[in-house]
Amino acid sequence: MKTIEVDEELYRYIASHTQHIGESASDILRRMLKFSAGQHVAEATTGSGVSVAKETPPAKTESRPQDRVRAVRELLLSDEYAEQKRAVNRFMLVLSTLYCLDPKAFGEATESLHGRTRVYFAGNQQTLIQNGTHTKPKHVPGTPYWVITNTNTGRKRSMVEHLMLSMQFPVELTEKVCGTI
């Protein structure tokens, strides 16, 4: 195994293409580059002397549907989740996971989620700032969404509950996730 360094922006881009919890950067890049394990790579040299890999067409693989419930349970059992000391960090991990599992349903669920005077989710930071004071907007990693984070833990749980039920997750799992935030 070789190690490569990438800048923060590129890392976030790669991470935003995660399809399931625990997927490695190598797996994400292989999928994005349509490059499969054991595939023959022929090296070519550019005019500048830099080696460039030319790949042979990837073998077709069958994709299987994600088990959304299992993915959420895996999140709850993951070291990354367990290491989070603050509710806001667990909240952000849950939001990222829900989006990755079903971006369309996540988007639809956020449309009906807002407070009396506040907008909770938006496509940019400015919208959240304009619709409430002291909202502390944060970008939800791996998504095009921003969320307000200056709410109490109960409100964060309520937001996750609304999202998960709107996305048709089982009530028991929804309660379990909310109880961990």
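Preceding this section is the structure that the text describes.
My aim in this report is to walk through the structure given alongside it, one point at a time. Small disclaimer: the values here were computed from a predicted structure and weren't measured.

**Digging into the packing of helix α8 (residues 153-166) against helix α9 (residues 171-180)**
For any two helices packed against each other, the geometry is given by the interaxial angle and the distance between the axes. The interhelical angle for the contact between α8 and α9, taken along N-to-C directions, is 155 degrees, at an axis separation of 9 Å. In terms of orientation, α8 lies roughly antiparallel with respect to α9. Considering only the axes of α8 and α9, their crossing is right-handed. Mapping the contact onto sequence places R157, V160, E161, M164 and L165 in α8 and V171, L173, T174, V177, C178 and G179 in α9.

**Focus on α8**
Counted at 1.5 Å a residue, the expected span for α8 with its 14 residues is 20 Å, and the 20 Å between its end C-alpha atoms agrees. Among all positions in α8, only K156, M159, V160, L163 and M164 are buried. Down the axis, α8 shows its buried residues gathered within 125 degrees of arc, on one side only. Of the surrounding secondary structure, the elements contacted by the buried residues of α8 are α3 (68-77), α5 (87-101), α6 (103-111), β3 (121-122), β5 (146-148) and α9. The N-cap of α8, judged by a side-chain oxygen 3.1 Å from the amide nitrogen of G154 a few residues on, is N152.

Scoring rules and cut-offs
- Residues numbered from 1 in each chain as written.
- Predicted model: local features only at pLDDT ≥ 70, side-chain atom pairs only at ≥ 80, totals over all residues.
- Heavy atoms only, no water.
- Axes fitted to C-alpha atoms, helices over the stretch in contact; angles between N-to-C directions.
- Helix = DSSP H or I, 4+ residues; strand = E, 2+ residues; numbered from the N terminus.
- Parallel < 35°, antiparallel > 145°, perpendicular 65-115°, else oblique.
- Left-handed = near helix turned anticlockwise from the far one by under 90°.
- Contact = heavy atoms within 4.5 Å.
- Expected span 1.5 Å × (residues − 1).
- Buried < 20%, exposed > 50% of the residue type's maximum accessible area, 1.4 Å probe, protein only.
- Arc of directions from axis to C-beta.
- Polar contact = N/O pair within 3.5 Å; in protein donor to acceptor, adjacent residues only side chain to side chain.

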